[in-house]
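# Architecture and fold: a report
Now for the letters of each chain:
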Amino acid sequence: MENGKLKYEDFILYYKGNIELLNRPKIAIVGSRRASKYARETTKILAKRLSKKYTIVSGGALGIDKAAHEGAFPNTIFVSPSSLDIIYPKSNKTLIENIYKNALAISEYEKNFAPFKHTFLQRNRIIVKISEFVIISEASIKSGSMRSFEWAKEYGKKVYVLPHRINESSGTRYLAREKLAEVIWDIDEFCRNLGIEEKNNVLTLNEALQKYGSSLYEMELEGKIEIKNGKVFFN
């Protein structure tokens with residue numbers, strides 16, 4: 001794990017972890033702390049797919065941020081609202097410590113700097129500024145995630161949102177309705193348009209067992225596959 005200080009874009013940043021991740025193209029994924037199960041799961045799948053080509057940047061919070069980091073890990077950057085010696089939020093301690101060791105965490109603040117209301121907004125501006133574009137997975141109309149949209153508008157970054165049901169995620173539905181953001185209707189198509197081809201073969205569990213035998217479960221432990229709903233997804 002590396003520790004240090006550097007100038008990147010317009011920012012002086014302190015960092016822990018794999019600084020090489022800054023050299024990859026980056027996508028910001030942000031959203032509600034109290035996100036729906038649908039939004040969390042879709043974000044995790046999307047982040048995993050995108051991380052084959054991009055580093056995923058988010059804010060380390062509960063909900064959407066956590067799903068984005070977990071899906072993309074270790075190709076992910078956590079932008080902290082506090083100095084890196086203060087882990088915030090503490091409920092994500094394990095995730096953040098893993099990011100320190102295997103991914104990358106950055107902050108504008110040196111030591112002993114606790115988060116304040118304004119530092120969350122300042123963190124959001126970094127997330128947006130260093131990324132090629134922004135995905136807002138879920139957000140209420142009055143939320144910090146919608147402030148990320150304002151930063152995106154200021155920096156000329158394109159914004160994408162997930163589709164939601166009526167009366168859910170009022171912020172992203174507003175952005176979609178007003179044509180201020182583009183809706184990701186299909187993950188496969190979205191990824192193909194970014195030059196990420198679907199290389200994951202999907203087999204039924206029985207087909208995979210016939211092909212790989214008991215080694216299938218070793219592959220699962222190694223993170224090479226995911227077994228879900230009777231299907232095997234190859235990473």
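Structural data are supplied above this passage.
Please read all numbers here as calculations on a predicted model, not as lab measurements. (Residues numbered from 1 in each chain as written. Predicted model: local features only at pLDDT ≥ 70, side-chain atom pairs only at ≥ 80, totals over all residues. Heavy atoms only, no water.)

### Regarding the overall build of the chain
Under the convention used in this document: Each helix is a run of H or I in the DSSP string that is no shorter than four residues. Each strand is a run of E no shorter than two, and both are numbered from the N terminus. The globule rule used for comparison is 2.2 Å times the number of residues to the exponent 0.38, while the radius of gyration itself is calculated over C-alpha atoms. Each residue's exposure class comes from its accessible area (1.4 Å probe, protein chains only) as a fraction of the maximum for that residue type: buried when under 20%, exposed when over 50%, partly exposed otherwise. Two residues qualify as a contact provided that any one of their heavy atoms is within 4.5 Å of a heavy atom in the partner residue. The Shrake-Rupley method, run with a 1.4 Å probe sphere, supplies the accessible areas, and residue values consider only the shown protein chains as cover. When charges are counted, Lys and Arg contribute as positive and Asp and Glu as negative, whereas His and the chain ends are disregarded. One atom stands in for each charge, and that atom is NZ of Lys, CZ of Arg, CG of Asp or CD of Glu.
Along the backbone of the chain there are nine helices and 12 strands. In summary, the chain has a C-alpha radius of gyration of 18 Å against a globular reference of 18 Å for 235 residues, a match within 12%. Taking the principal axes of the C-alpha coordinates as reference, the chain spans close to 55 × 45 × 30 Å. Each of the 235 residues in the chain was classed as buried or not, and the buried ones make up 48%. Of the contacts formed within the chain by residues at least 6 apart in sequence, a portion of 67% connects residues at least 24 apart. Within the structure as shown, the chain displays about 12,300 Å² of accessible surface, and the carbon and sulfur contribution to it stands at 49%. Looking at charge distribution, the chain has the averaged site of its 38 positive side-chain charges lying 4 Å from that of its 28 negative ones.

### Some points on the pattern of salt bridges
In plain terms, the rule: Criterion for a salt bridge: a side-chain nitrogen of Lys or Arg within 4 Å of a carboxyl oxygen of Asp or Glu.
Using the criterion set out here, one finds 11 salt bridges in the structure. Between Lys37 and Glu41 there is a salt bridge, with its nearest N and O atoms 4.0 Å apart. Within this pair, Lys37 and its partner Glu41 are both found in helix α1 (residues 37–50), separated by four residues, close to a single helical turn. Classification of Glu41 by relative accessible area gives partly exposed; the value is 37%.

### What about the sheet that holds strand β3 (residues 26–30)?
We apply this condition: Should DSSP find at least two bridges between two strands, the strands are regarded as paired. Comment: axis = line fitted to C-alpha atoms, over the contacting stretch for helices; angle = value between 0 and 180 degrees taken between N-to-C directions.
Strand order across the open sheet formed by nine strands is β1-β2-β6-β5-β4-β3-β7-β8-β9, with mixed pairing between neighbours. Every other strand in the sheet has two partners, leaving β1 (2–8) and β9 (182–183) as the edge strands with one partner each. Here strand β8 (residues 158–161) runs beside β9; their pairing, made up of two bridges, is parallel. Across the sheet, the residue bridging to Tyr160 is Glu182, located in β9. Contacts from α1 reach β3, β4 (55–58) and β7 (133–136), with the element oriented near 175 degrees to β3.

### Some points on the nonpolar core
How we decide: Nonpolar core, defined: a set of buried Ala, Val, Leu, Ile, Met, Phe, Trp, Tyr and Cys residues in which side-chain atoms within 4.5 Å join the residues together.
If you look at the biggest cluster of nonpolar residues, it comprises 39 residues, and the most contacted ones within it are Ile77, Leu104, Ile106, Val134 and Ile136. What Ile136 contacts, discounting residues up to four positions off in sequence, is Val30, Ser145, Phe149, Val159, Tyr160, Val161, Leu162, Thr172 and Leu175. Residues Ile27, Ala39, Ala47 and Phe133 belong to the second largest nonpolar core, which totals 22 residues.

### A look at α1
Within an α-helix, residues lying three or four positions from one another point in the same direction, as the helix has 3.6 residues per turn. Under the convention used in this document: For a helix, the expected span equals 1.5 Å multiplied by the residue count minus one. By construction, the arc corresponds to the directions joining the helix axis to the C-beta atoms.
In this model α1 runs 20 Å from its N-terminal to its C-terminal C-alpha over 14 residues, within 8% of the 20 Å that 1.5 Å per residue would give. What α1 keeps buried is the set Ala39, Thr42, Thr43, Leu46, Ala47, Arg49 and Leu50. Along the axis of α1, the buried positions cluster into a sector of 160 degrees, meaning they face one direction only. Considering only its buried residues, α1 is in contact with β3, β4, α2 (64–72), β7 and α7 (187–193).

### Regarding the pairing of strand β11 (residues 225–228)
Relative to strand β12 (residues 231–234), β11 runs antiparallel, the two being bridged by four bridges. Across the sheet, residue Lys228 finds its bridge partner in β12, namely Lys231. Between the antiparallel neighbours β11 and β12 lie two residues, among them Asn229 with a positive phi of about 55 degrees.

### Side note on the packing of α1 against α2
Where we set the bar: Helix crossings are classified by the rotation of the near helix relative to the far one: an anticlockwise turn of less than a right angle makes the crossing left-handed, while a clockwise turn makes it right-handed. Any residue outside Ala, Val, Leu, Ile, Met, Phe, Trp, Tyr, Cys, Pro, Asp, Glu, Lys and Arg is labelled polar, Gly included; the first ten of those are nonpolar and the last four are charged.
Their axes nearest at 7 Å, the elements α1 and α2 cross at an angle of 35 degrees. The handedness of the crossing between α1 and α2 comes out as right-handed. Mapping the contact onto sequence places Ala39, Arg40, Thr43, Lys44, Ala47 and Lys48 in α1 and Ile64, Ala67, Ala68, Glu70, Gly71 and Ala72 in α2. For the contact of α1 with α2, the per-class residue count stands at six nonpolar, two polar and four charged.

### Topic: unusual backbone geometry
With an omega dihedral of 5 degrees, the bond running from Phe73 to Pro74 counts as a cis peptide bond. Here Pro74 shows up in the loop between α2 and β5 (76–79). With omega at 0 degrees, the peptide bond leading from Tyr88 into Pro89 counts as cis. Here Pro89 is to be found in the loop between β5 and α3 (93–102). Phi is positive for Asn167, which is not a glycine, with a value near 75 degrees. Tracing the backbone through its elements, the reader meets Asn167 in the loop between β8 and α6 (170–177). With a phi angle near 60 degrees, Lys179 is a residue other than glycine that sits in the positive phi range.

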